[in-house]
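# Geometric and topological summary
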Amino acid sequence: MQDGVTGEAALQGMDRWARALAVLIALAAWSGIAVHFHALVSGGVSWPAALWALLGYFTITTNLLVAVVFTAIAAGRAAWRSPWLIGGTLLNILLVGIIYALLLHGLRELTGGSQLANVLLHRVTPLLVTVFWFAFAYKGALAWRYPLLWVIYPIGYFLYALARGAIEGRYPYPFINVVEIGLAQTLINAALIAIGFVLAGEALVWFDRWWAVRARG
């Protein structure tokens, strides 16, 4: 009986730590978005125009996903801690961090609020979500088909970005800038990123299963 009580107390303690980290992740994501929004408005952009501009970036939409998911986890919503949702959120926010590090870092000189938002959205949230997955995500429940479902979101964003770009004549990222590099190269870039995303997802599933087997063994 004592062992059962001790085990339950340990689980409750882990849950408190998980929710505390979820609070930190949600704050980082919401703060990064808010700081970026404030920087645009302070620069003379109207509130609706700033909001519309922000929603054109994969970085913002993905950090918004992180903010919503981890706000729900912090509030104790058990359904939001599903391995499928956390795994997909992790993979997409890692894509944000990796693409920034490999393709976007140093392209623009940032100062003040923009620099702070950049750090929060491209570095802090990917790192903290990764820590959460390692420390608190339930292992062994990811299926091999999940990456094919997770990739629907970045593909959907890509189509959305192309549609916006065709209307506005501006594209959020140089590697999907149809005006500068042409449609063929844009499609090739998108396909390579999507393939890399799925392969990374399958690697995550393998690692998740390996971890579960190792823990049980």
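A brief report on the enclosed structure follows. (Residues numbered from 1 in each chain as written. Predicted model: local features only at pLDDT ≥ 70, side-chain atom pairs only at ≥ 80, totals over all residues. Heavy atoms only, no water.)

Next up on the list: the packing of aromatic side chains. Any pair of aromatic rings gets described here by the distance separating the centres and the angle formed by the planes. Counted according to the given criterion, the structure contains 17 aromatic pairs. Measuring from ring centre to ring centre gives 5.4 Å for Trp133 and Phe134, while their planes differ by 85°; the resulting arrangement is edge-to-face. Overall, Trp133 belongs to the buried group, its relative accessible area being 3%. Classification of Phe134 by relative accessible area gives partly exposed; the value is 37%. Taken together, the ring pairs connect Trp133, Phe134, Trp206, Phe207, Trp210 and Trp211 into an aromatic cluster. (Phe/Tyr/Trp six-rings, centres within 6.5 Å; stacked < 30°, edge-to-face > 60°. Buried < 20%, exposed > 50% of the residue type's maximum accessible area, 1.4 Å probe, protein only.)

Together, Trp30, Leu64, Val68 and Trp80 make up a nonpolar patch on the protein surface, roughly 310 Å² of accessible area in all. Checked against the element boundaries, Val68 lands in helix 3 (residues 58–74). (Patch = residues over 30% accessible without salt bridge, like charges linked within 9 Å, V, L, I, M, F, W, Y side chains within 5 Å. Areas by Shrake-Rupley, 256 points an atom, 1.4 Å probe, with all protein chains shown as cover. Salt bridge = Lys/Arg side-chain N within 4 Å of Asp/Glu carboxyl O. Helix = DSSP H or I, 4+ residues; strand = E, 2+ residues; numbered from the N terminus.)

We now examine the pattern of salt bridges. Overall, the coordinates contain three salt bridges when judged by the stated rule. For Arg164, the salt bridge identified is with Glu168, shortest N-O distance 3.5 Å. With Arg164 and Glu168 both in helix 7 (residues 152–168), this residue pair falls four residues apart, about one helical turn. Given the relative accessible area of 10%, Arg164 is considered buried. For Glu168, a relative accessible area of 28% gives the class partly exposed.

Turning to the nonpolar core, a few remarks are in order. In terms of nonpolar packing, the biggest core is built from 50 residues, with Ile25, Phe70 and Phe132 touching the most fellow members. Those elements giving two or more residues to this core turn out to be helix 1 (2–42), helix 3, helix 4 (83–104), helix 5 (112–136), helix 6 (146–150), helix 7 and helix 8 (178–216). For this core, the element with the most residues is helix 4, which contributes 10 residues. Setting aside anything within four residues of it in sequence, one finds Ile25 in contact with Val66, Phe70, Thr125, Leu128, Val129 and Phe132. Core analysis: the second largest hydrophobic core is formed by five residues, Leu54, Ile60, Ala117 and Leu121 among them. (Core = buried A, V, L, I, M, F, W, Y, C linked by side-chain atoms within 4.5 Å. Contact = heavy atoms within 4.5 Å.)

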